[in-house]
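Topology and contacts: notes
This is what each chain is made of:
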Amino acid sequence: MALAVPLVLTVTAGTAAAGAGAGPPGARSGWRLVAAEPFDRRLDDARVPWRPDDDGPASPYDVDMYDNDGAYFATVGGPAFRTRLAEVRTYRKSFAFGRRGWLTAELAARDADGDGRPDRPPTLTARRGAADLDEPDYRGGIVIRSTRDLPAEYRVEMTLRGLDFGGERGGSWDYPDGRINGYAPGGCKTVFPWASGGDFSRPECAWADARTDSNGFYYMSIVDYRRVAPHDNIFVHGHRKVAMDGYNRYKYTGSGLKYCNPATKRYEPYSAGTGNGVNAIFMTDDRRYPAMPGTEYLMQSECGLAKGGAIVSTVDLRPELLPENPYTFAIERRGGAYTMEMSGVFAHVGRATYRYTRAFVQDGEPIWHYNQKPGEYDGRYDADWTWKGPGGTLVDRHTWPAGSAYPDRFMIGDPHMNFYEGGARVDDIRLYVPR
């Protein structure tokens, strides 16, 4: 495999962003625009009805053993998992939009009171030239994805004009309106009914608290399966290739996260930031967690390359400057490598653009499921993952075999059905191919 040298390009205030060139809006040097969604036309998900989905084998959202009803949870949770899952009533809606339907919205919600209607479901609307993703209940999920497989080489980007998925506001994790890390007050908000272990027979409010754990948002990610949609959070960890996301940990003071200050190029404690960091992660084949699926992280930042260990916040966003100072997030696949790019006004450095490029196989580390075609990969990183619990032993055989192929599909939003709550405003989703 050809190797690519990691590239970082910082742009000072007053100069053009990396990749921009002369020409019409959205022009990118070396790229040809093939699809764009400016959200100039009215969009409202209310025109599409909610439909029940049991997550079973006949569901169009069935993917693998890590699904909401998957064998993994039956193994680590035992019979109690099936009992608890029976209490969950899931509803979904899906619709294509944009020219020739090149984008698809996927929304999910739960019916907690059993009245046959989802409770406080997420919504997707577009007015005044941007789309609002509103998720008032963490038990829902909402993503915008590519409808079809992305091409062999591409650049996909999104402009962020509003963000309210946790992190500090005005220097505090506890907001004046009573919200905690972006979560509405009142009632219990737990990860029920999906976990990597523990007592699954507990009542819902006795499970781990999502509100005081984390909130977040996926700015741009590439995943390895076709019908990208909200699932349990554990499912998502095994299906990402590369990701730029927020993981906003409430008042976190431990050693599991750290913050890169791009001005000093030194790591700092997570508490040195504002909880509005962007994690730019290349997934590799090693397992990150002993008791749950999830691939290891390769995290490039101005502070260097980190494999595993504490999750690194590459930059710290300043949501209070939105929408006047928007952010652009882009992922490129070209020349045997992926590039992640983020542009905007960041803490400590002002207006800047950062780009991190990594080859499909570099220094012996592959990017998880990078091969779109069988001929791009020879099976050398194949493995079996074994899980044990009250439900017995489960083996996930051939997690990356020879002859396999994995599509590239992009995802923006919140794919977790037991974490994250808030709202975001997105604009100008664009797809390019090499010129």
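Nothing here was measured: the structure is a model prediction, and the numbers come from that model. (Residues numbered from 1 in each chain as written. Predicted model: local features only at pLDDT ≥ 70, side-chain atom pairs only at ≥ 80, totals over all residues. Heavy atoms only, no water.)

So, about the nonpolar core. Judged by nonpolar contacts, the single largest core of 112 residues is most densely connected at L124, F329, Y338, M342, F410 and V426. With six residues, the top contributor of residues to this core is strand 10 (residues 214–223). (Core = buried A, V, L, I, M, F, W, Y, C linked by side-chain atoms within 4.5 Å. Buried < 20%, exposed > 50% of the residue type's maximum accessible area, 1.4 Å probe, protein only. Helix = DSSP H or I, 4+ residues; strand = E, 2+ residues; numbered from the N terminus.)

Looking now at the side chain of N233. Tracing the backbone shows N233 in helix 3 (residues 233–237). On the accessibility criterion, N233 (11% relative accessible area) is buried. Setting aside its immediate chain neighbours within four residues, N233 contacts H416, N418 and F419. (Contact = heavy atoms within 4.5 Å.)

Moving on to the side chain of R240. With respect to the secondary-structure elements, R240 resides in strand 11 (residues 240–249). One buried charge, R240, has no salt-bridge partner; the nearest side chain with opposite charge is D245, at 4.1 Å. In this structure the side chain of R240 is engaged in a polar contact, spanning 3.1 Å, whose partner is the side chain of Y218. At 3.1 Å, the side chain of R240 forms a polar contact with the side chain of Y297. Residues contacting R240, with those up to four places away along its chain left out, are Y218, I222, V223, D245, M283, Y297 and W368. (Lys, Arg positive; Asp, Glu negative; His and termini not counted. Salt bridge = Lys/Arg side-chain N within 4 Å of Asp/Glu carboxyl O. Polar contact = N/O pair within 3.5 Å; in protein donor to acceptor, adjacent residues only side chain to side chain.)

Let us look at the environment of P185. Within the fold, P185 resides in the loop between strand 9 (154–164) and strand 10. C-alpha separation for the pair P185 and P60, spaced 125 residues apart in sequence, amounts to 34 Å.

Below, the discussion takes up unusual backbone geometry. For the peptide bond that leads from F192 to P193, omega is 0°, which places it in the cis range. Mapped onto the fold, P193 is located in the loop between strand 9 and strand 10. Residues other than glycine seldom take positive phi values, yet H348 does so here, at roughly 80°. With respect to the element layout, H348 can be found in the loop between strand 20 (337–346) and strand 21 (350–359). On the basis of relative accessibility, which here comes to 49%, the residue H348 falls in the partly exposed class. The phi torsion at Y420 lies on the positive side, around 75°, for a residue other than glycine. On the secondary structure map, Y420 appears in the loop between strand 26 (409–414) and strand 27 (422–434).

A few words on the confidence of the model for the protein. Considering every residue of the protein, the mean pLDDT works out to 93; 94% of them sit at 70 or more. Within the model, the stretch residues 1–22 combines pLDDT values under 50 with 54 contacts to residues more than four positions away or in other chains. (pLDDT = per-residue confidence, 0-100.)

A few words now on the sheet that holds strand 17 (residues 311–313). Within a sheet, adjacent strands bond to each other through the backbone by hydrogen bonds, running parallel or antiparallel. Here we have three strands laid out as an open sheet, ordered 13-12-17, and mixed in their pairing. At either end of the open sheet lies a strand with only one pairing partner, and these are strand 13 (266–269) and strand 17. Averaged over all pairs of adjacent strands, the angle between strand axes in this sheet comes to 40°, irrespective of strand direction. In terms of strand pairing, strand 12 (residues 257–261) meets strand 17 through three bridges, oriented parallel. For K258, the partnering residue across the bridge sits in strand 17 and is V312. (Pairing = 2+ DSSP bridges. Axes fitted to C-alpha atoms, helices over the stretch in contact; angles between N-to-C directions.)

Let us now look at the layout of surface pockets. Computed from the structure, the largest pocket encloses a volume of approximately 520 Å³. Forming the boundary of the largest pocket are 29 residues, of which N233, H237, Y247, Y289 and F419 lie nearest the centre. If you list the elements that add at least two residues to the lining of the largest pocket, you get strand 10, helix 3, strand 11 and strand 14 (277–287). For the lining of the largest pocket, the element with the most residues is strand 11, which contributes four residues. For the lining of the largest pocket, the per-class residue count stands at 16 nonpolar, seven polar and six charged. (1 Å grid on protein atoms, 1.4 Å probe; cavity = no way out; pocket = protein on both sides within 12 Å on 5 of 7 lines; lining within 4 Å. Points joined across faces, edges and corners; volume = space filled by probe spheres on them. Nonpolar A, V, L, I, M, F, W, Y, C, P; charged D, E, K, R; others polar.)

A separate point is the environment of G114. Looking at the element boundaries, G114 is found in the loop between strand 5 (103–110) and strand 6 (123–127). In the structure, G114 is positioned 49 residues away from L163 in sequence and 32 Å away in space, judged by C-alpha atoms.

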